[in-house]
Amino acid sequence: MSQSNVHFTQRLEVGMLLAAVGGFLDAYTFLCRGGVFATAQTGNIVQMGMGIAQKNLDLALLSLLSILAFKAGTLVAEFLMSHNRIFHIKWYYLVLLLELAITFGIGFVPTTVPHTAVNITVSFVSALQVSSFRTLIDTPYATTMSTGNLRSAMSYWYQGISKKDHALLEKSYRYFKIIVSFCVGAALGAILTERVGSGSVWLCCIFLLAV
């Protein structure tokens with residue numbers, strides 16, 4: 001399918017920029033906000049279960065708050081998508097503007113503030129992004145985590161090689177481009193966070209503006 005025939009939210013270059021944001025935020029929260037990967041919730045679900053099992057209510061509660069923030073972000077994204085336009089602005093621009101505003105604000109939060117507050121906010125932002133941008137031309141994908149993308153990339157690559165199907169190989173290469181973009185974002189996040197600190201997250205704002 002030609003890029004010119006797909007919706008704005010499904011374009012490859014949009015996905016690559018957003019994947020870079022996802023990778024950057026994971027590196028940022030790990031290095032600057034308490035050593036956690038805040039964009040995906042698998043770890044929080046595991047930690048909540050561990051907290052309950054170990055009767056560590058603080059751990060369970062903090063993990064639950066991140067999960068609830070992710071749920072809230074998903075609901076907000078669904079609300080915006082269902083209304084298409086609000087104040088004559090298309091829903092996906094509203095999602096990007098909201099994500100940009102929140103990310104910009106995070107950069108002003110000093111590292112002396114409890115990391116949980118920022119990580120919960122990043123969970124909300126991650127949900128906004130992954131819920132709104134979930135199709136890459138004609139296949140599902142994620143911009144804030146890579147496990148599913150890696151599985152799909154290898155699956156399409158194997159099918160493409162075994163069937164000698166260039167269309168399937170092209171789908172595989174798209175996934176690899178998203179994974180590489182995520183990795184590049186993580187590398188930039190690591191470099192800038194160590195040098196600039198909490199304000200390094202503003203690079204994500206530039207990526208979002210580019211989108």
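Above this text sits the structure in question.
Presented here is a report on the structure given in the accompanying data block.

1. Brief notes about the nonpolar core
If you look at the biggest cluster of nonpolar residues, it comprises 46 residues, and the most contacted ones within it are Leu18, Leu25, Ile106 and Phe133. Those elements giving two or more residues to this core turn out to be helix H1 (12–32), helix H3 (57–83), helix H4 (91–106), helix H5 (115–132), helix H6 (147–163), helix H7 (166–196) and helix H8 (202–210). Considering each element in turn, this core owes the most residues, 10 residues, to H1. Contact partners of isoleucine 106, with chain neighbours within four places excluded, come to Tyr28, Arg33, Val118, Thr121, Val122 and Val201.

2. A look at the packing of aromatic side chains
Scanning the model with the defined rule gives 9 aromatic pairs in all. Residues phenylalanine 8 and tyrosine 93 carry aromatic rings whose centres are separated by 5.9 Å and whose planes lie at 40 degrees to one another, so their mutual orientation is tilted. One end of the pair, phenylalanine 8, is in the segment before H1; the other, tyrosine 93, is in helix H4, and 85 residues separate them in sequence. A relative accessible area of 41% places tyrosine 93 in the partly exposed class. When the centroid spacing of 4.9 Å and the interplanar angle of 10 degrees are considered together, the rings of phenylalanine 30 and phenylalanine 37 count as stacked. Exposure remark for phenylalanine 30: the relative accessible area of 39% places this residue in the partly exposed category. Here the aromatic cluster, defined as three or more aromatic residues joined through ring pairs, consists of Phe8, Trp91, Tyr92 and Tyr93.

The rules behind each value
- Residues numbered from 1 in each chain as written.
- Predicted model: local features only at pLDDT ≥ 70, side-chain atom pairs only at ≥ 80, totals over all residues.
- Heavy atoms only, no water.
- Core = buried A, V, L, I, M, F, W, Y, C linked by side-chain atoms within 4.5 Å.
- Buried < 20%, exposed > 50% of the residue type's maximum accessible area, 1.4 Å probe, protein only.
- Helix = DSSP H or I, 4+ residues; strand = E, 2+ residues; numbered from the N terminus.
- Contact = heavy atoms within 4.5 Å.
- Phe/Tyr/Trp six-rings, centres within 6.5 Å; stacked < 30°, edge-to-face > 60°.

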